[in-house]
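Single-letter residue listing:
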Amino acid sequence: IYSSLVTNLQISGNHLTVGASTNSAISHVGSKALIEGNTIVCQTGATHTSAISCSGDDTVVCNNFIDGSSSTSNGIVLPTGYTNVSCHNNYIKATSSNAILSQNNVASVFIHDNKSAAGGAITLQASNLGWGNFVIGTTAGYIFDTIDPRVTTAGTNAASVVTVGGTQTLTNKTLTSP
């Protein structure tokens, strides 16, 4: 499904089995889109850049089931240069790279309550940091069972995550040993 320069579009309730090599099963370019309730199965052997790619301001991608197989690079791609994008309650069964990829300069992105069964990462590319507001969350909090979450660059904001490596200044903190 491909739409270009369409505003106020809803793509819902589709069951797509994608066998041939394509860029995306659903590709939308335009503002104010709702992409929800779709089932996308990308068959093994065909290569896909993503199952869903949406480019546009004020876009919501929610309640989709994606079985990307090992030949799909990304479950959902939020391309460069858009604002107010919400990506929530999606189930991404398998991809070879990212469950969700938010590319450079996407501002005000809300990514929450998505599930990935095959270890797919949620990736925010480097220039996203400091360009806009990002909310990555879950209603149940974070439980890291078999992964090692990392912050590669120590922040300088009072609300930054404290890292083990590198140097950070801690103000008004009490450290206690066990």
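Please read all numbers here as calculations on a predicted model, not as lab measurements.

Conventions and cut-offs
- Residues numbered from 1 in each chain as written.
- Predicted model: local features only at pLDDT ≥ 70, side-chain atom pairs only at ≥ 80, totals over all residues.
- Heavy atoms only, no water.
- Helix = DSSP H or I, 4+ residues; strand = E, 2+ residues; numbered from the N terminus.
- Buried < 20%, exposed > 50% of the residue type's maximum accessible area, 1.4 Å probe, protein only.
- Contact = heavy atoms within 4.5 Å.
- Areas by Shrake-Rupley, 256 points an atom, 1.4 Å probe, with all protein chains shown as cover.
- Pairing = 2+ DSSP bridges.
- pLDDT = per-residue confidence, 0-100.
- Core = buried A, V, L, I, M, F, W, Y, C linked by side-chain atoms within 4.5 Å.
- Salt bridge = Lys/Arg side-chain N within 4 Å of Asp/Glu carboxyl O.

**Quick look at the overall build of the chain**
Part 1 of the argument: Helices and strands together make up the secondary structure of the chain, namely 0 helices and 17 strands.
Part 2 of the argument: Sorting the 178 residues of the chain into buried and exposed places 36% on the buried side.
Part 3 of the argument: Within the chain, contacts between residues separated by at least 24 positions form 68% of all contacts whose residues are at least 6 apart in sequence.
Part 4 of the argument: For the chain, the accessible surface area stands at approximately 10,100 Å², while carbon and sulfur atoms represent 52% of it.

**Points about the pairing of strand β5 (residues 33-36)**
Part 1 of the argument: Along β5, the buried face is formed by Ala33 and Ile35; none of Leu34 and Glu36, which line the opposite face, is buried.
Part 2 of the argument: Pairing of β5 with strand β8 (residues 59-62), which is carried by 3 bridges, proceeds in the parallel orientation. Residue pairing across strands places Glu36 opposite Cys62, the latter belonging to β8.

**Observations regarding unusual backbone geometry**
Part 1 of the argument: One non-glycine residue, Asn8, lies in positive phi territory at about 60 degrees.
Part 2 of the argument: Residue Asn8 is classed as exposed on the basis of its relative accessible area of 59%.
Part 3 of the argument: Within the chain, Asp58 stands out as a residue other than glycine whose phi angle is a positive 55 degrees.
Part 4 of the argument: Tracing the backbone through its elements, the reader meets Asp58 in the loop between β7 (48-55) and β8.
Part 5 of the argument: For Asp58, a relative accessible area of 34% translates into the label partly exposed.

**Focus on the sheet that holds strand β3 (residues 15-18)**
Part 1 of the argument: Spatial ordering of the open sheet is given by β3-β6-β9-β12-β15, a layout of 5 strands whose pairing is parallel. Each of the sheet's edge strands pairs with one partner strand only, and the pair in question is β3 and β15 (115-116).
Part 2 of the argument: When strand β6 (residues 39-42) meets strand β9 (residues 65-67), the two strands line up parallel, connected through 3 bridges. Residue pairing in the sheet places Val41 in a bridge with Asp67 of β9.

**Overview of the confidence of the model for the chain**
Part 1 of the argument: Per-residue confidence for the chain gives a mean pLDDT of 74; residues scoring 70 or more make up 71%.
Part 2 of the argument: Counted against residues more than four places away or in other chains, residues 126-133, with its pLDDT under 50, gives 17 contacts.

**Observations regarding the nonpolar core**
Part 1 of the argument: If you look at the biggest cluster of nonpolar residues, it comprises 22 residues, and the most contacted ones within it are Ile40, Ile52 and Ile76.
Part 2 of the argument: Of all the elements in the fold, those that place two or more residues in this core are β3, β4 (22-29), β6, β7, β10 (72-78), β11 (83-88), β13 (98-102) and β14 (107-112).
Part 3 of the argument: The greatest single-element share of this core, amounting to 3 residues, is contributed by β7.
Part 4 of the argument: In this view, Ile76 contacts Ile52, Val61, Ile66, Cys87, Asn90, Ile92, Ala99, Ile100 and Leu101; residues no more than four positions away in its chain are not counted.

**Remarks on the pattern of salt bridges**
Part 1 of the argument: Counting across every chain of the model gives 1 salt bridge.
Part 2 of the argument: Between Lys93 and Asp67 there is a salt bridge, with its nearest N and O atoms 3.7 Å apart. One end of the pair, Lys93, is in the loop between β12 (91-92) and β13; the other, Asp67, is in strand β9, and 26 residues separate them in sequence.
Part 3 of the argument: The class of Lys93 is partly exposed, set by a relative accessible area of 38%.

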